[in-house]
Amino acid sequence: MWPRIDGRRVLALGTPGKIRTWLTDLTLSGAKTATAGLLPLDYETEGEEVEHVGEHLILVNDAGEKAATIEITSVELVPFAEVPWEFAEAEGEGYTSIEDWRETHRRYWSSQGYEVTDASPIVCLHYRLLPP
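Residues numbered from 1 in each chain as written. Predicted model: local features only at pLDDT ≥ 70, side-chain atom pairs only at ≥ 80, totals over all residues. Heavy atoms only, no water.

A description of helix α4 (residues 98-111) should follow, citing residues and the corresponding values.
Residues lying three or four places apart along an α-helix face the same way, a consequence of the helix completing one turn every 3.6 residues. With 14 residues, α4 extends 20 Å from end C-alpha to end C-alpha; this agrees with the ideal 20 Å at 1.5 Å per step. Tucked inside the fold, the buried residues of α4 contact β3 (34-38), α2 (39-44), α3 (85-90) and β6 (121-129). (Helix = DSSP H or I, 4+ residues; strand = E, 2+ residues; numbered from the N terminus. Expected span 1.5 Å × (residues − 1). Contact = heavy atoms within 4.5 Å.)

Any chance you could break down the pattern of salt bridges for me, citing the residues and the numbers?
Here the structure, examined in full by the defined rule, presents 8 salt bridges. The partner of Glu-48 in a salt bridge is Arg-9, and the shortest N-O contact between them spans 3.0 Å. Of this pair, Glu-48 sits in the loop between α2 and β4 (56-60) while Arg-9 sits in strand β2 (residues 8-11), placing them 39 residues apart in sequence. A residue is classified by how much of its surface remains accessible, and Glu-48, at 11% relative accessible area, is buried. A single salt-bridge network, built from bridges that share partners, covers Arg-4, Arg-9, Glu-48 and Glu-55. (Salt bridge = Lys/Arg side-chain N within 4 Å of Asp/Glu carboxyl O. Buried < 20%, exposed > 50% of the residue type's maximum accessible area, 1.4 Å probe, protein only.)

Can you break down the side chain of Thr-69 residue by residue, with the values?
In this structure, Thr-69 sits in strand β5 (residues 66-79). Of note is the side chain of Thr-69, whose polar atom sits 3.4 Å from the side chain of Lys-66. When near neighbours in sequence (up to four residues on either side) are disregarded, Thr-69 contacts Arg-8, His-56, Leu-57, Ile-58, Arg-128, Leu-129 and Leu-130. (Polar contact = N/O pair within 3.5 Å; in protein donor to acceptor, adjacent residues only side chain to side chain.)

Go over the pairing of β5, please, and point to the residues and values.
Note that β4 and β5 share 5 bridges and pair antiparallel. Each bridged residue has a counterpart across the sheet, and for His-56 the counterpart in β5 is Glu-71. As consecutive antiparallel partners, β4 and β5 are separated by 5 residues, and within that stretch Gly-64 has a phi angle of approximately 80°, a positive value. As paired elements, β5 and β6 share 9 bridges and run antiparallel to each other. Counted as the bridge partner of Val-75 is Leu-125 from β6. (Pairing = 2+ DSSP bridges.)

So, the packing of aromatic side chains: which residues are in play, and what are the values?
If you walk through the whole model with that rule in mind, you get 5 aromatic pairs. Ring centres of Phe-80 and Trp-109 lie 6.4 Å apart, and the angle between their planes is 70°; this geometry places the pair in the edge-to-face category. Taken together, the positions of Phe-80 in the loop between β5 and α3 and Trp-109 in helix α4 put the pair 29 residues apart, joining distant regions of the chain. As far as burial versus exposure is concerned, Phe-80 and Trp-109 are alike and both buried. (Phe/Tyr/Trp six-rings, centres within 6.5 Å; stacked < 30°, edge-to-face > 60°.)

Can you explain the pairing of β3? Please cite residues and give values.
Within β3, 5 of the 5 residues are buried, leaving the element largely enclosed by the surrounding structure. The alternating pattern of β3 places Ala-34, Ala-36 and Leu-38 and Thr-35 and Gly-37 on opposite faces, both of which are buried. As judged from the 5 bridges shared by β3 and β6, these two strands associate in the antiparallel manner. Note that in β6 the partner of Ala-36 across the bridge is Cys-124.

What is shown is where atoms sit, not what they do.
So, in structure tokens, the structure goes:
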């Protein structure tokens, strides 16, 4: 189960440390407006439902403290091989191509103990920052 703050689910981007700080900063700057989750790892093993449009989540920093509130603006469940370039670009992490996005995410999820296939279900979330 994901942590809750003020009754809302928490969104902690990436792994703790430099990566989480970088991804949170990208979101706070407005450069990152999307994030991907691997359905079996990020939802099913956590016993969590996929987010829904209009849901508000608490974005946390590396210390687990509230950094901002975001609103989900789009949710799509897409096979890994069909994640579009527009989504990868909205992640704001500087990918040079969809192949670059796929290789980076495949490596990340593999490091978390999950081997990704072309059919692996990916939750593609678009979001926006809400005013403080």
